[in-house]
Amino acid sequence: MGKIKRIGVLTSGGDAPGMNAAIRAVTRTAIYYDLEVLGIRHGYRGMIEGYCKPLKVHTVSNIIQRGGTILKTARCEEFKIPEGRKRAYDYLKRRNIDGVVVIGGDGTFTGARVFSEEFDIPFIGIPGTIDNDIYGTDYTIGYDTALNTVIEAVDKIRDTASAHNRLFFIEVMGAEAGFIALRSGIACGAEAILIPEVKNQVSTLKDFLENGDRRKKSSNIIIVAEGEEEGGAYEIARKVKNDFKDYSIRVTVLGHIQRGGSPTAFDRVAASRLGYAAVEALLDDQKSAMVGLQNNNVVLVPFRKAVKLHKDVNRQLLEISQILSI
Ligand code: ATP
């Protein structure tokens, strides 16, 4: 008999479409291998306060297509202090939980890593965040859905922008990284993309708009990542407006629509593969690691690397975006 008989699963940090598909895959794979599954609600807070419910095959029926997370998610300051983690450990012990699958972003994995150094219960992570900013995986669950949501919205804005010859600044999520901005910008044919990874972009943007041909265009869409160092979309629009008084400028902040919606096929399949792999990893006595996708293969990446190393945007995509927006 293996050591693992009962596992917990939780979602933590920002929610992302596809988290439910991952919960379903973890639950069903575990049950397939005769394990019991407890769904821990409200992220790490649920481990401390003891919010938990058994998950069965039928509990996770009809959720693969739903955004959000049936387990709820939360940010939990108490898990950042040793006393909080000790309470979480005591609870897991009391409930005979032998391993935990955590679905979340780098904060969630940082917590899992710290916990793994202190206690003997193995944790395996599934990258679930729309930001795609986790080292060691090409994609995080939710990113593809968020991209498609952005594209749909920007296409609509393009229609109205063209009708009025307007210059639109559209802010997308990405407080510290430009993954959503870069890829959605290319997919929407944005005229410019401003991301935190590239410095001094406002002056480059002004040069770009100076170009005579550009002024003949019926619309200009500028995608701005929320974490752009020179300000969000409103601030950048203000800076540009001062120099281009003849442009009709509008700003749209897409906000939380990017987090919601039914996950795309890509996110559902990725969540299913990674959920399955996470349970397999626990059964293989793995711990303190994330399951990720690299070149379409499932890989195991230690939390140590996933949270410490920086994932850069694809610089070639940046170049392509500039060439294609001439
Ligand atoms: P997203 O990328 O969508 O924001 P995330 O997982 O990075 O997701 P965070 O709010 O950063 O979201 O982290 C989620 C939770 O992980 C925190 O609320 C906290 O409970 C735990 N956590 C984060 N950092 C640490 C840390 N240094 N030590 C212990 N726990 C942590």
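For clarity, every value in this text was computed on a predicted model and none was experimentally measured.

What counts and how
- Residues numbered from 1 in each chain as written.
- Predicted model: local features only at pLDDT ≥ 70, side-chain atom pairs only at ≥ 80, totals over all residues.
- Heavy atoms only, no water.
- Buried < 20%, exposed > 50% of the residue type's maximum accessible area, 1.4 Å probe, protein only.
- Helix = DSSP H or I, 4+ residues; strand = E, 2+ residues; numbered from the N terminus.
- Pairing = 2+ DSSP bridges.
- Domains from an automatic or database assignment.
- Contact = heavy atoms within 4.5 Å.
- Buried area = accessible area lost by both parts, 1.4 Å probe.
- Nonpolar A, V, L, I, M, F, W, Y, C, P; charged D, E, K, R; others polar.
- Lys, Arg positive; Asp, Glu negative; His and termini not counted.
- Salt bridge = Lys/Arg side-chain N within 4 Å of Asp/Glu carboxyl O.
- Axes fitted to C-alpha atoms, helices over the stretch in contact; angles between N-to-C directions.

Caption draft 1: Seen up close, the pairing of strand β6 (residues 166-172). When you tally the buried positions in β6, you get 7 out of 7 residues, the bulk of the element. The alternating pattern of β6 places R166, F168, I170 and V172 and L167, F169 and E171 on opposite faces, both of which are buried. Where β6 meets strand β9 (residues 248-253), 6 bridges bridge the pair, whose relative direction is parallel. Bridge assignment links I170 to a residue of β9, and that residue is T252.

Caption draft 2: Broad picture of the domain arrangement of the protein. Partitioning the protein into structural domains gives domain 1 (6-142 + 263-308) and domain 2 (143-259). Contacts between the two partners involve 16 residues from domain 1 and, on the opposite side, 13 residues from domain 2. Summed over both sides, the interface between domain 1 and domain 2 buries roughly 1200 Å², with carbon and sulfur atoms accounting for 54% of that surface. Looking at side-chain class alone, the side of domain 1 that touches domain 2 contains 6 nonpolar, 6 polar and 4 charged residues.

Caption draft 3: Structural detail: the side chain of E228. Following the sequence through the fold, E228 ends up in the loop between β8 (220-225) and α9 (233-243). Despite its burial, E228 pairs with no opposite charge, the nearest such side chain being K239 at 7.1 Å. The contacts of E228, once residues within four sequence positions are left out, are L194, I195, P196, V198, Q201 and I236.

Caption draft 4: Quick peek at the sheet that holds strand β11 (residues 297-302). Strand order in the open sheet formed by 7 strands is β3-β2-β1-β4-β5-β10-β11, and the pairing between neighbours is mixed. Both outer strands of the open sheet, β3 (52-54) and β11, are each paired with one neighbouring strand and no more. The average undirected angle you get between the axes of adjacent strands in this sheet is 25 degrees. Strand direction decides the pairing type here: strand β1 (residues 6-11) and strand β4 (residues 99-104), joined by 5 bridges, are parallel. Counted as the bridge partner of T11 is I103 from β4.

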